[in-house]
Amino acid sequence: MPPQTDYFDLTGKKTMVVGAETPAGGAIARAYAQAGADVALCVLTADEAVMRARVVKRDIEAMGRKASEYVMDVMLGKNVQVTTRQVAKEMGGLDIVASAPDLFVAKPIEKTTDMELARVMQVNFSSQFFIVRTAAEEFRRDHRPGRITLVTSVLGERSMIDTAAYASAHGAVYNLVRAAGHELARENITLNAISLGWMDYMDDRIDTSDEDGQRALRFPMLRRAGRAEEIGPTAVWLASEFGSAFITGQIIPIDGGLLQHQ
Amino acid sequence: MLDQFRLDGKAVLVTGGGRGLGRGMAHALAAAGANVMIAARTQEQLDRTVQEIRDAGGTATSFSGDMTDSAQVNAMVEACVREYGGLDACFANAGMGGGVDAEFWEWPDSAFEEVLANNLKSAFYTCRAASKVMVESGKGGTLITLSSAGGYRASKRWAYGTAKGGVLSLTKVLSGALAPHKIRVNCISPGIVAQRDPADDQERARRAQQGGFIPANRVGEWWEMGPLAVYLASDASSYVTGQDFAIDGGMLNAGLAPAKYRPHAEI
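Caption draft 1: Structural detail: the overall build of chain A. A tally of helices and strands in chain A yields 7 helices and 7 strands. Secondary structure elements of chain A, listed N to C terminal, follow the sequence β-α-β-α-β-α-β-α-β-α-β-α-α-β. Over its C-alpha atoms chain A spans a radius of gyration of 18 Å, differing by no more than 12% from the 18 Å that the globule rule assigns to 262 residues. Considered along the principal axes of its C-alpha atoms, chain A spans approximately 50 × 40 × 35 Å. With 262 residues in all, chain A has 55% of them scored as buried. Within chain A, counting contacts between residues at least 6 apart in sequence, those at least 24 apart form 73% of the total. When the accessible area of chain A is evaluated, it comes to approximately 11400 Å², of which 53% is carbon and sulfur surface.

In structure tokens:
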């Protein structure tokens, strides 16, 4: 028998959003709260990111949900672990984790230094690895049917000039979802990703003062960039206990059909 | 090592071999030592390509027929076996762009059926007839289908893209079904490839402009199909099956932004 419930309701769920200061992270946090969840907002750095997350926090509290802020150094697996433990303790458990770190860099491969490559890999990929590892540990502790959603990029599967480091990091995220999704499936933990195409806030990678940049925004089938709030509903679907329970290891593009462009 | 790329004495069939990509493959296969039979509807084109191959010292013959008619396809395979004593590799290359210039919702049944017949039915019939001979001989062989970058993604060539997507599925389905019979099945997916040398400067300029949309900054040439065809027909690819080979100058890999677009963000 199918469960008699609202499939997408997150009421009472304890959620953690890493990279809550990014547009995608903020949108996911707000969407979780709208669906009824309490949200721990983890920001990657203790600077203006905190201010941006505070706006998200206020929005969530205005919905009558609980929100709290944490600084998580995602470069360090131990810090991810310790902060997540603290989040779970303070919230009274953990059901759902989303992660949306994003450090875009565009550089010719011959000019990309060892340090730059390491940083891009750490922020975009290693952080996601640490988060999956730690989230699974928390879910396992309470025998909860955990849900993990990573935010990645269509550059994980298609090419563009000067993105060798960034695209490689996201290619690694693609396979993290597949490999770890497989591994965690038997524990009732699902792991999926949302792969973003061109979003209207991505002025770091699509420069609309550039003619080719403007043309790139017409490459999606819907012929426009996406908006952060368009990420939320998919994140809620992937986080829900019954709405997506048999879906794991999948990459869901939110790209307006960009990946269908020739 | 290089011996593994040789096709000496092998009987190889190329449908749609009179012109375009098929002609390019037939030339290379013959140069690698194969006895080549090319098949198509248009006798003059077949005659010309056969002559070109013979002039270059290769062995070639032709079969004139319609690849959308299974009886003619069967007759073609029989003719190849009669001529060369067997069939080792078969390229189901015949196809057409075609159709009519109309919105999707206005497309007539007849146009859809014509495009499907020429691109998908023909490939099915050709693979079926060739595999029967290969299975019955007990020696196996190799089948090569032709899909297209147009079979992957959004395109205004609805019927063509649908048919080429079907060819890709046919390849995968057959690779499993025929592997126990020592038949390998692979697919070639060309991007934008010129069907012949440019006739004049105007055509050359048009192709240069098209090439601007491709990472390699040029369109492919008809003869560039040749080495890939030899690789797939030969023992050099003896453990490769069920795969699709894009030959597109990087086009399918890109497509997120204009090919020469450079984003600006640095750390």
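Caption draft 2: Fine view of the environment of Gln-51 of chain B. If you trace the backbone, Gln-51 of chain B turns up in helix α2 (residues 43–55). Residues Gln-51 of chain B and Leu-256 of chain B, 205 residues apart in the sequence, show an inter-C-alpha distance of 44 Å.

Caption draft 3: View of the sheet that holds strand β6 (residues 190–196) of chain A. Residues and elements named next belong to chain A. A sheet is described by the order of its strands in space; here 7 strands give the open sequence β3-β2-β1-β4-β5-β6-β7, paired in parallel fashion. Taken across any chain shown, the strands that pair with only one partner, and hence form the sheet edges, are β3 (67–71) and β7 (251–254). Across this sheet, the average inter-strand angle for adjacent strands is 20°, counted without regard to direction. Against the sheet, helix α4 (residues 114–142) engages β1 (14–18), β4 (96–99), β5 (147–153) and β6, with an angle of about 170° to β5.

Caption draft 4: Molecular detail of the nonpolar core. Formed by 88 residues in total, the largest nonpolar core has its most connected members in Met-16, Tyr-32, Ile-148, Leu-150, Leu-196 and Trp-198 of chain A. The dominant element in this core, judged by the number of residues it contributes, is helix α5 (residues 164–185) of chain A, at 10 residues. When near neighbours in sequence (up to four residues on either side) are disregarded, Trp-198 of chain A contacts Met-160, Arg-205, Ile-206, Ala-216, Leu-217, Ala-225, Gly-226 and Leu-258 of chain A together with Leu-256 and Ala-257 of chain B. Core analysis: the second largest hydrophobic core is formed by 31 residues, Leu-7, Ile-38, Trp-222 and Ala-233 of chain B among them.

Caption draft 5: Region of interest: the layout of surface pockets. Residues and elements named next belong to chain A. The computed volume of the second largest pocket comes to approximately 700 Å³. In terms of lining, the second largest pocket is formed by 33 residues, of which the most central are Glu-21, Thr-22, Pro-101, Asp-102 and Leu-103. Looking at the lining of the second largest pocket, the elements with two or more residues in it are α1 (23–34), α2 (48–62), α4, β5 and α5. Here the lining of the second largest pocket is built from residues that sort into 17 nonpolar, 5 polar and 11 charged.

Caption draft 6: Representation of unusual backbone geometry in the model. All names here are of chain A. Despite not being glycine, His-143 has its phi angle at roughly 55°, a positive value. Here His-143 shows up in the loop between α4 and β5. Of note in this structure, Asn-188 is not a glycine but carries a positive phi near 70°. Counting through the fold element by element, Asn-188 comes out in the loop between α5 and β6.

Caption draft 7: View of a nonpolar patch on the surface. A surface patch of nonpolar side chains, amounting to about 290 Å² of accessible area, comprises Tyr-7, Phe-8 and Phe-242 of chain A. Classification of Phe-8 of chain A as partly exposed rests on a relative accessible area of 40%.

Caption draft 8: Representation of the interface of chain B and chain A in the model. Every contact between the two is made by 24 residues of chain B and, on the other side, 34 residues of chain A. Both sides together, the interface formed by chain B and chain A hides about 2500 Å², and carbon and sulfur atoms give 57% of it. Viewed at the interface, chain A and chain B are joined by 1 salt bridge. Salt-bridge contacts for Arg-262 of chain B lead to Asp-162 of chain A; the nearest nitrogen and oxygen are separated by 3.0 Å. On inspection of chain B and its partner chain A, the count reaches 12 residue pairs in polar contact (both at pLDDT 80 or more). Of the residues contributing to the side of chain B that touches chain A, the split by class is 15 nonpolar, 5 polar and 4 charged.

Cut-offs used in this document
Residues numbered from 1 in each chain as written. Chains lettered and ligands numbered in written order. Predicted model: local features only at pLDDT ≥ 70, side-chain atom pairs only at ≥ 80, totals over all residues. Heavy atoms only, no water. Helix = DSSP H or I, 4+ residues; strand = E, 2+ residues; numbered from the N terminus. Rg over C-alpha atoms; globule rule 2.2 N^0.38 Å. Buried < 20%, exposed > 50% of the residue type's maximum accessible area, 1.4 Å probe, protein only. Contact = heavy atoms within 4.5 Å. Areas by Shrake-Rupley, 256 points an atom, 1.4 Å probe, with all protein chains shown as cover. Pairing = 2+ DSSP bridges. Axes fitted to C-alpha atoms, helices over the stretch in contact; angles between N-to-C directions. Core = buried A, V, L, I, M, F, W, Y, C linked by side-chain atoms within 4.5 Å. 1 Å grid on protein atoms, 1.4 Å probe; cavity = no way out; pocket = protein on both sides within 12 Å on 5 of 7 lines; lining within 4 Å. Points joined across faces, edges and corners; volume = space filled by probe spheres on them. Nonpolar A, V, L, I, M, F, W, Y, C, P; charged D, E, K, R; others polar. Patch = residues over 30% accessible without salt bridge, like charges linked within 9 Å, V, L, I, M, F, W, Y side chains within 5 Å. Salt bridge = Lys/Arg side-chain N within 4 Å of Asp/Glu carboxyl O. Buried area = accessible area lost by both parts, 1.4 Å probe. Polar contact = N/O pair within 3.5 Å; in protein donor to acceptor, adjacent residues only side chain to side chain.

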